[in-house]
Amino acid sequence: MTGGVKAARLVAVAVLPAELALGVCLVAGVRIPGAVVAGAEGAVLLGVVLEAVVLGRLWRAGRRAGAGRRAAAAGALRTVVPLPVRRLVAHELRAMHSLGLWVLRRRHGVPEGSAPAPYTGPQTAMMYGLVFVSVVETVMLALLVPWPVAHRILLVLDVYGVLLVLALHAACVTRPHVVGPDGSLRVRYGALFDLRVPAASITAVRVERRFPQGRLVQLGPDGVLDLAVGGQTTVTVELTAPLGYLRPLGRRGKAVAVRFHADDPRAVVAALTRARTAPSTIPDLPG
């Protein structure tokens, strides 16, 4: 990796978030000295110019290698912007989009003939509890913090935090698991995780309640992938062969079986079983 590309990646990771923080302060009405604003804008301008130059060189290199315009542009962006940064930005944008879907009472990725399977039951109370705590914190800080500048910054950050928590929950509500009419399965957790399991890859499915310890998405030493909600899984799907999956920040792995939570696991198992034997009789699941 050349020095120019390394510098451009540093801009994507550090300089642009700093510009965002400065923008939050300005939106909050914070009075920032002109020299600070000018210095920050100058640094961002230099960073943007550097990124434009590096992206242009990478794009031209891609074109010379025979790639199309879009493919060359996508390749240049993948080279400059680190994968975790791209994934985090994409997750946040999808979550905010899901908040709009939630308000409109719509769902994402549930085509006609498919059966949605909700999974938010164990975490709903916790999510609303976080929202309540965040609101109380916002009010208390508004009463206790005596400095107007700090108060405005904290107010903007707290309001955004409340919206983000609601958006994360909305993503889970509007992006349920999906049993396809052909017996396929789509296992999701909001905008963070999305695994498609073809019908031909499923050998068995059963109701099985487990309480795995650890992260949201974790692969056990036996090759079983756990996607827990509220610290539990209720459905186990055995696969014919290891199936690839993508972690929230972009790391890849393979699983020989998948365990996930569904609010009504028996309905999910019944829907998968019936869809694999008689696709036209797939029932609707609750929610």
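Preceding block: the structure.
This write-up is about the structure you can find in this document. (Residues numbered from 1 in each chain as written. Predicted model: local features only at pLDDT ≥ 70, side-chain atom pairs only at ≥ 80, totals over all residues. Heavy atoms only, no water.)

## Focus: the nonpolar core
For the record, the criterion: In plain words, nonpolar cores are sets of buried Ala, Val, Leu, Ile, Met, Phe, Trp, Tyr and Cys residues tied together by side-chain atoms within 4.5 Å. The classification of residues rests on relative accessible area computed with a 1.4 Å probe and restricted to protein chains. Under 20% of the type maximum is buried, over 50% is exposed, and intermediate values are partly exposed. Numbering of helices and strands runs from the N terminus; a helix is a DSSP stretch of H or I covering at least four residues, while a strand is a stretch of E covering at least two. Note on contacts: a residue pair is in contact if any heavy atoms of the two residues lie within 4.5 Å.
Membership of the largest hydrophobic core comes to 34 residues, with the highest contact counts inside it found for Leu-185, Tyr-189, Phe-193, Leu-195, Val-237 and Phe-260. Broken down by element, the residue count for this core peaks at five residues, all from strand 8 (residues 233–246). Setting aside chain neighbours within four positions, we find Val-237 in contact with Leu-185, Ile-202, Ala-204, Val-205, Ala-257, Val-258 and Phe-260.

## Some details on the packing of aromatic side chains
Threshold: Stacked, edge-to-face and tilted are the three classes for Phe, Tyr and Trp ring pairs, Trp counted by its six-membered ring, which pair at centre distances within 6.5 Å; planes under 30 degrees apart are stacked, over 60 edge-to-face, the rest tilted.
Taken as a whole and assessed by the stated rule, the structure comprises two aromatic pairs. Plain terms: the ring middles of Tyr-119 and Tyr-189 are 6.0 Å apart, the flat faces sit at 35° to each other, and that makes the pair tilted. Of the two residues, Tyr-119 is situated in the loop between strand 1 (115–117) and helix 5 (121–144) and Tyr-189 in strand 3 (residues 185–189); the sequence distance between them amounts to 70 residues. Given the relative accessible area of 0%, Tyr-119 is considered buried. Residue Tyr-189 is classed as buried on the basis of its relative accessible area of 12%. When the centroid spacing of 6.4 Å and the interplanar angle of 55° are considered together, the rings of Phe-193 and Tyr-245 count as tilted. Linking Phe-193 in strand 4 (residues 193–197) with Tyr-245 in strand 8, this pair joins segments that are 52 residues apart in sequence. Side by side, Phe-193 and Tyr-245 carry an identical accessibility label, which is buried.

## Here we look at the layout of surface pockets
Here is the rule we go by: Using protein atoms alone on a 1 Å grid, points that fit a 1.4 Å probe yet trap it form a cavity, whereas open point sets bounded by protein on both sides within 12 Å along at least five of seven lines form a pocket; residues with an atom within 4 Å of a point count as lining. Grid points are joined across faces, edges and corners, and a volume is the space filled by probe spheres set on the points. When residues are grouped by polarity, Ala, Val, Leu, Ile, Met, Phe, Trp, Tyr, Cys and Pro land in nonpolar, Asp, Glu, Lys and Arg in charged, and all others, Gly among them, in polar.
Of the voids in this model, the second largest pocket is the one considered here, and its volume is about 400 Å³. For the second largest pocket, the lining is made up of 28 residues, of which Met-127, Leu-168, Tyr-189, Leu-192 and Leu-216 are closest to its centre. Residues belonging to the lining of the second largest pocket are distributed by class as follows: 18 nonpolar, eight polar and two charged.

## Here we look at the environment of Val-237
Inspection of the secondary structure assignment puts Val-237 in strand 8. In sequence terms Val-237 and Val-205 are 32 residues apart; their C-alpha atoms lie 4.5 Å from each other.

## Focus on a nonpolar patch on the surface
The line we're drawing: Residues enter patches when their relative accessible area tops 30% and they take part in no salt bridge; the joining distance is 9 Å for like charges and 5 Å for the nonpolar side chains Val, Leu, Ile, Met, Phe, Trp and Tyr. What sets the accessible areas is the Shrake-Rupley method with a 1.4 Å probe; for residues, cover comes only from the shown protein chains. Salt bridge, as applied in this entry: a Lys or Arg side-chain nitrogen positioned within 4 Å of an Asp or Glu carboxyl oxygen.
Together, Phe-132, Val-133, Val-135, Val-136, Val-139, Met-140, Leu-143 and Leu-144 make up a nonpolar patch on the protein surface, roughly 780 Å² of accessible area in all. As for its placement among the helices and strands, Val-139 is situated in helix 5. The class of Val-139 is partly exposed, set by a relative accessible area of 44%.

## What about unusual backbone geometry?
The phi torsion at Arg-105 lies on the positive side, around 60°, for a residue other than glycine. Along the polypeptide, Arg-105 turns up in the loop between helix 4 (83–103) and strand 1. Residue classification places Arg-105 among the exposed positions, given a relative accessible area of 77%.

## Side note on the side chain of Ser-201
Checked against the element boundaries, Ser-201 lands in the loop between strand 4 and strand 5 (202–210). Not counting chain neighbours up to four residues away, the residues in contact with Ser-201 comprise Glu-238, Leu-239 and Thr-240.

## Focus on the sheet that holds strand 6 (residues 217–219)
Applicable threshold: Two strands make a pair as long as DSSP finds a minimum of two bridges between them. Axis geometry follows a simple rule: fit a line to the C-alpha atoms, using only the stretch in contact for helices, then measure angles between N-to-C directions, giving values from 0 to 180 degrees.
Read from one edge of the open sheet, five strands run 5-8-9-7-6, paired in mixed fashion. The open sheet has two edge strands with one neighbour each: strand 5 and strand 6. Strand-to-strand twist in this sheet, taken as the mean axis angle between neighbours without regard to direction, amounts to 35°. The sheet contact formed by strand 5 and strand 8 spans six bridges and is antiparallel. Its bridge partner being in strand 8, Ala-204 is matched across the sheet by Glu-238. Across the sheet, helix 7 (residues 265–277) touches strand 5, strand 8 and strand 9 (252–260), and the angle it forms with strand 5 is around 175°.

## With respect to the pairing of strand 9
In this sheet, strand 9 lies alongside strand 7 (residues 224–227) in parallel orientation, the contact comprising four bridges. Bridge assignment links Asp-226 to a residue of strand 9, and that residue is Arg-259. Of the strand pairs in this sheet, strand 8 and strand 9 are connected by eight bridges, and their pairing is antiparallel. Counterpart to Val-235 in the pairing with strand 9 is Phe-260. Connecting strand 8 to the antiparallel partner strand 9 that follows it, the hairpin turn spans five residues, and Gly-250 within it adopts a positive phi of roughly 110°.

Remember that the coordinates give geometry; whether it matters functionally is a separate question.
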